[in-house]
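Working through the structure, step by step
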Amino acid sequence: DTAVSQTPKYLVTQMGNDKSIKCEQNLGHDTMYWYKQDSKKFLKIMFSYNNKELIINETVPNRFSPKSPDKAHLNLHINSLELGDSAVYFCASSQTSGANVLTFGAGSRLTVL
Amino acid sequence: AQTVTQSQPEMSVQEAETVTLSCTYDTSENNYYLFWYKQPPSRQMILVIRQEAYKQQNATENRFSVNFQKAAKSFSLKISDSQLGDTAMYFCAFMKVSGGSNYKLTFGKGTLLTVNP
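Here we summarise the structure given alongside this text. (Residues numbered from 1 in each chain as written. Chains lettered and ligands numbered in written order. Predicted model: local features only at pLDDT ≥ 70, side-chain atom pairs only at ≥ 80, totals over all residues. Heavy atoms only, no water.)

**Re the nonpolar core**
Most often, soluble globular proteins keep nonpolar side chains buried together rather than apart. Residues and elements named next belong to chain B. Ranked by size, the top nonpolar core spans 25 residues in total, and within it Y25, W36, F75, L77 and Y90 carry the most contacts. Of all the secondary-structure elements, those providing two or more residues to this core are β3 (19–21), β5 (32–39), β6 (46–52), β8 (64–69), β9 (74–79), β10 (88–96) and β12 (111–116). Top element by residues in this core is β10. It accounts for 4 residues. Among all residues touching L77, those that are not within four sequence positions of it are V19, T20, L21, W36, V48, I49, F64, S65, V66 and Y90. (Core = buried A, V, L, I, M, F, W, Y, C linked by side-chain atoms within 4.5 Å. Buried < 20%, exposed > 50% of the residue type's maximum accessible area, 1.4 Å probe, protein only. Helix = DSSP H or I, 4+ residues; strand = E, 2+ residues; numbered from the N terminus. Contact = heavy atoms within 4.5 Å.)

**What to know about the environment of A:M15**
Residue and element names in this part refer to chain A. Mapped onto the fold, M15 is located in the loop between β2 (10–13) and β3 (19–25). Measuring from C-alpha to C-alpha, the distance between M15 and E82 comes to 5.3 Å, with 67 residues separating the pair along the chain. Ignoring any residue separated from it by four or fewer positions in sequence, one finds M15 in contact with L81, E82, L83, V112 and L113.

**Looking at the packing of aromatic side chains**
Counting across every chain of the model gives 16 aromatic pairs over all chains. Relative to A:Y35, the ring of A:Y33 has its centre 6.3 Å away and its plane inclined at 40 degrees; by these criteria the two rings are tilted. Looking at A:Y35, the relative accessible area reads 0%, which means it is buried. When the ring of B:F35 is compared with that of B:Y37, the centres are 6.1 Å apart and the planes differ by 35 degrees; the resulting orientation is tilted. (Phe/Tyr/Trp six-rings, centres within 6.5 Å; stacked < 30°, edge-to-face > 60°.)

**Quick look at the pairing of strand β4 (residues 31–37) of chain A**
Residue and element names in this part refer to chain A. Of all 7 residues making up β4, 6 are buried, and the element is well covered by its neighbours. In this structure, β4 lies alongside strand β5 (residues 43–50), joined through 7 bridges in antiparallel fashion. Counterpart to Q37 in the pairing with β5 is L43. Where β4 hands over to β5, the hairpin turn is made up of 5 residues, of which K41 adopts a positive phi near 75 degrees. Where β4 lies against strand β9 (residues 87–94), 7 bridges are found, and the strand directions are antiparallel. If you follow K36 over to β9, its bridge partner there is Y89. (Pairing = 2+ DSSP bridges.)

**Details of the pattern of salt bridges**
If you walk through the whole model with that rule in mind, you get 8 salt bridges over all chains. We note a salt bridge from A:E82 to A:R63, for which the minimum N-O separation is 3.5 Å. Of this pair, A:E82 sits in the loop between β8 (73–78) and β9 while A:R63 is found in the loop between β6 (53–57) and β7 (64–70), placing the two residues 19 residues apart along the sequence. With a relative accessible area of 42%, A:E82 lands in the partly exposed category. Notably, a salt bridge pairs B:K55 with B:E52, separated by 3.1 Å at the nearest N-O pair. Among the charged side chains, a network of salt bridges with common partners joins A:K44, A:E58 and B:K104. (Salt bridge = Lys/Arg side-chain N within 4 Å of Asp/Glu carboxyl O.)

**Regarding the state of the cysteines**
All names here are of chain B. The final tally for this structure, using the stated rule, is 2 disulfides over all chains. Covalently, C23 is tied to C92 through a disulfide, its sulfur atoms 2.0 Å apart. Judged by the sign of its S-S torsion, about -70 degrees, the bond between C23 and C92 is left-handed. In this pair, C23 is assigned in the loop between β3 and β4 (24–26) and C92 in strand β10, connecting sequence segments 69 residues apart. Of the two residues, C23 and C92, neither departs from the other in class, the shared state being buried. (Disulfide = S-S within 2.5 Å.)

Okay, structure coming up:
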């Protein structure tokens, strides 16, 4: 039983294309996140949703659009992909009451050619 | 804004020995959480240990323990009896406990730990 699952795990695409990464959690958590890990392994938050409401939106180009159809799902759509978008994207979830421990998905490696 | 600094980009240790990874952070907050996550070559982010700032007692999880010095804003991770499976990138992270649901993890740049046989 995967707690936080992301698809696809690997994605190779051309510059200018549009792509989506999907995330689902079965932990019953109320908050979900997208983090970006660059080539130097630095992890930075992009977005956070609490009960389908956007609560964190860091300085991210508006080519990136998160969508949360329900509190168990948080998808990331990226328009007009650029070379600099190549990275590993991690989805995570947490329950805001209690330990606030983030559980991460396995990551989605995006390569833009 | 909070910052997290890990001053050791890489470290190595012999199997069965003890190693300490350093982490310092900068914040004006009084209430927060600190975490260590590990990322092995499989890429999965795995929680190692968690510390609440209001607790003076250092957290421990089996072979992993922390030295939390709140006044010095220091949060080091000690790994005892190192095992080959401990080889991973280790990230220190800070989470402010604020009103509402703005729970954001701020990560350090990581320390790559290699355990040698």
